[in-house]
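# Observations on the three-dimensional arrangement
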Amino acid sequence: FGRKSFNLTLDRSEALSRAEEVRASLGWELEDGYRYADFMDNLGYQGFTYLIRKVGVDSADVMVNRSTFPRRWRVRWFKPLEKTEYSVAISQSGELASLRRTLPDSLPGAELASDEARPIAASALKKHFSIDVSDSVRYKPIEVKSDKKENRLDHTFVWEYLDTKV
């Protein structure tokens, strides 16, 4: 059974170790916080079912494993009743699948314009995920959201992957 979506090659202990390496490399520290790990399995979600119906199991398997990491270990560091939280997801094969840092709204930070923040986001995608969104043949920017907090301006960027559409 050669489908990547169904093969688990990383156990909880290995995922925790890899996530700790990533967290430390980012300098994300949370004194007196808790660590929690869970396994996320999104193979049953509607998008995957839709892909299987449209392109078949083998093609759907290739598509989701190339970009979405449907099965992953998520490791969270947090303090109860506090907003600060760090999350690192590691794919079933040991790759970095996602990063998320949630901070209190009152925490100070930069107030960059979205045009100044976009290259920073693009650089992070390239560094951590080997995704080069500056390649306009493969990626197209489709959404920018800016969220004014008390002491900073947060941005969210969405790029469309043009190589594959279903």
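This text gives an overview of the structure that appears in the document. (Residues numbered from 1 in each chain as written. Predicted model: local features only at pLDDT ≥ 70, side-chain atom pairs only at ≥ 80, totals over all residues. Heavy atoms only, no water.)

### Digging into the overall build of the protein chain
A count of helical and extended segments in the protein chain gives 4 helices and 6 strands. Each helix (α) and strand (β) of the protein chain, taken in turn from the N terminus, gives the series α-β-α-α-β-β-β-α-β-β. Dimensions of the protein chain, computed from the C-alpha atoms along their principal axes, are close to 50 × 40 × 25 Å. By residue count, 29% of the 166 residues in the protein chain fall in the buried class. About 10,500 Å² of surface is accessible on the protein chain, with carbon and sulfur atoms providing 49% of the total. Positive and negative side-chain charges of the protein chain, numbering 27 and 26 respectively, have mean locations separated by a distance of 4 Å. (Helix = DSSP H or I, 4+ residues; strand = E, 2+ residues; numbered from the N terminus. Buried < 20%, exposed > 50% of the residue type's maximum accessible area, 1.4 Å probe, protein only. Areas by Shrake-Rupley, 256 points an atom, 1.4 Å probe, with all protein chains shown as cover. Lys, Arg positive; Asp, Glu negative; His and termini not counted. Charge placed at Lys NZ, Arg CZ, Asp CG, Glu CD.)

### A short note on unusual backbone geometry
Of note, the phi angle at Asp32 is positive, near 60°, even though the residue is not glycine. Position of Asp32 relative to the elements: it lies in the loop between α1 (12-26) and β1 (34-41). Since its relative accessible area comes to 69%, Asp32 is described here as exposed. Although it is not a glycine, Ser130 sits at a positive phi angle of roughly 55°. Turning to its location among the elements, Ser130 is positioned in the loop between α4 (114-129) and β5 (139-148).

### Notes on the sheet that holds strand β4 (residues 96-102)
Across the sheet, 4 strands lie side by side as β1-β2-β3-β4; this open sheet has antiparallel pairing. The sheet is open, and its two borders are formed by β1 and β4, each paired with just one other strand. Neighbour-to-neighbour, the strand axes of this sheet turn through a mean angle of 15°, independent of strand direction. Where strand β3 (residues 85-91) meets β4, 6 bridges bridge the pair, whose relative direction is antiparallel. Residue pairing for β4: Tyr86 is matched across the bridge by Arg101. Packing against the sheet, α1 makes contact with β1, β2 (71-78), β3 and β4, and its axis sits at approximately 55° to β2. (Pairing = 2+ DSSP bridges. Axes fitted to C-alpha atoms, helices over the stretch in contact; angles between N-to-C directions. Contact = heavy atoms within 4.5 Å.)

### Points about the packing of helix α2 (residues 46-55) against helix α3 (residues 57-67)
Angle between the axes and distance between the axes: these two values describe a pair of packed helices. It is the contact of α2 with α3, at a shortest axis distance of 7 Å, that shows an interaxial angle of 135°. Relative to α3, α2 is oriented oblique. The interaxial crossing formed by α2 with α3 has right-handed handedness. The residues of α3 that touch α2, namely those facing Phe48, Leu51, Ile52 and Val55, are Val57, Ser59, Ala60, Asp61, Met63 and Val64. Within the contact of α2 with α3, the residues separate by chemical class into 8 nonpolar, 1 polar and 1 charged. (Parallel < 35°, antiparallel > 145°, perpendicular 65-115°, else oblique. Left-handed = near helix turned anticlockwise from the far one by under 90°. Nonpolar A, V, L, I, M, F, W, Y, C, P; charged D, E, K, R; others polar.)

### Some details on the pairing of strand β6 (residues 153-161)
The sheet contact formed by β5 and β6 spans 9 bridges and is antiparallel. Each bridged residue has a counterpart across the sheet, and for Val144 the counterpart in β6 is Phe157. Where β5 folds back on β6, the antiparallel hairpin that results is connected by 4 residues.

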